[in-house]
Amino acid sequence: MAKIVVTRWIPDDAVKLLAEVGDVEVSPADRPLTRAELHEFVAGADAVVGMLHDRLDGALADAAGPGLKVVANVAVGYDNVDVPALAGRGIVVTNTPGVLTDATADLAFGLLLAVTRRLGEGERLLRSRTPWSFHLGFLLGAGLQGKTLGIVGFGQIGRAMAKRAEAFGMSIVYTGRSKQDTGAEFVSFEELLARADVVSLHCPLTPETRHLVDAAALRAMKPGAYLVNTTRGPVVDEAALADALEAGEIAGAALDVFEKEPEVEPRLLARDDVVLSPHLGSATVETRTAMAVLAARNVVAVLAGRPPLTEVKP
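Labelled according to an unreviewed UniProt entry, the chain appears under the name D-glycerate dehydrogenase, originating from Amycolatopsis balhimycina DSM 5908. Its UniProt record gives the chain a comment under Sequence similarities (unreviewed entry), which states: "Belongs to the D-isomer specific 2-hydroxyacid dehydrogenase family."

With that settled, the discussion passes to helix 12 (residues 285–303). Under the 1.5 Å per step criterion, the end-to-end length of helix 12 is 27 Å for 19 residues, consistent within 8% with the ideal 27 Å. Where helix 12 ends, the next residue or the one after it, Gly-305, has phi of about 85°, a positive value.

Counting buried positions along strand 1 (residues 2–6) yields 4 of 5 residues, so the element is predominantly enclosed. Where strand 1 and strand 2 (residues 22–26) come together, 5 bridges link them in parallel fashion. Opposite Val-5, over in strand 2, you have Glu-25 as the bridge partner. Considered for its hand, the β-α-β crossover made up of strand 1, helix 1 (residues 12–19) and strand 2 is right-handed.

Mapped onto the present numbering, the UniProt feature "domain: D-isomer specific 2-hydroxyacid dehydrogenase NAD-binding" (unreviewed entry) falls on residues 109–281. Across residues 109–281 one finds 32% helix and 16% strand; the C-alpha atoms that close the span lie 10 Å apart.

As a further point, take the sheet that holds strand 2. Reading across from one edge, 2-1-3-4-5 is the order of the 5 strands in this open sheet, with parallel pairing throughout. Edge positions in the open sheet fall to strand 2 and strand 5 (92–94), since each of these has one partner strand only. Taking the axes of each pair of neighbouring strands and ignoring which way they run, one obtains an average angle of 15° across the sheet. With 3 bridges connecting them, strand 4 (residues 70–73) and strand 5 associate as parallel partners. Looking across to strand 5, one finds that Ala-72 is bridged to Thr-94. Its contacts with the sheet put helix 1 on strand 1, strand 2 and strand 3 (47–50), and the angle it makes with strand 2 is roughly 145°.

Cut-offs and rules
- Residues numbered from 1 in each chain as written.
- Predicted model: local features only at pLDDT ≥ 70, side-chain atom pairs only at ≥ 80, totals over all residues.
- Heavy atoms only, no water.
- UniProt positions renumbered as here; feature names shortened; annotations may be inferred.
- Helix = DSSP H or I, 4+ residues; strand = E, 2+ residues; numbered from the N terminus.
- Expected span 1.5 Å × (residues − 1).
- Buried < 20%, exposed > 50% of the residue type's maximum accessible area, 1.4 Å probe, protein only.
- Pairing = 2+ DSSP bridges.
- Right-handed = clockwise from strand over helix to strand, strands pointing away.
- Axes fitted to C-alpha atoms, helices over the stretch in contact; angles between N-to-C directions.
- Contact = heavy atoms within 4.5 Å.

Okay, structure coming up:
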């Protein structure tokens, strides 16, 4: 039987699928494994099911040994995977696109509402039992109707975010690798920053997008604009974001991902104009199960000598 290792808990439905084609070992640690622990854990594996916090690279393949055939990343993004190094060793790499689109777009739009309508600030006020009373100037936020949403990265999640924004009466501008056949307006990144009332990030993390939103980009945004990030933390320079908020260069930010996750820039934690959530973009029972099952189906296919469903090519 093939040896299949899973670097952290996954839903039972996925484990059952894997168990049909091999002996499955799931890490008992309720935390990311250290690099040394990860390499020890994968020794002798035919398949590795890894998470976005695992570094899945040539060193891992060497630690696993020559029998490793497939590395299945339980995420749509694969910035944690050295695809060329694995492919060069004849190892198939897969990810989990498509199944988390709606859940992540829902979360992104929820963050947009939370930061523009000051929902986190209002809840903290109530939970602290601070005295309050209704009046017309109390906790005023920003409406969305007639405003412009700027989407950076117009893949499946970006397009799903656009549909939600259109339902709220927003107009859409976007930037990405290419112009698409859509009703939204394709603009440069610079024009998007200048026009958008909310900038929502949906681009993959690459060397080109690391710190894409830096001090200069934040200065280019409208003073009343908001930033939403549900893609990968390092797309935003968190220190520069804190500086911009302190200087009043933008109105607020909502983040589900962080530059040095799980750490958060301390100055952001102290601000009422920032909404934070702990990487919950795909965190529904249905979506996380679908992600794990897709990863498992990819492993099953490769071990059976069939093409994977969602291969990542170098």
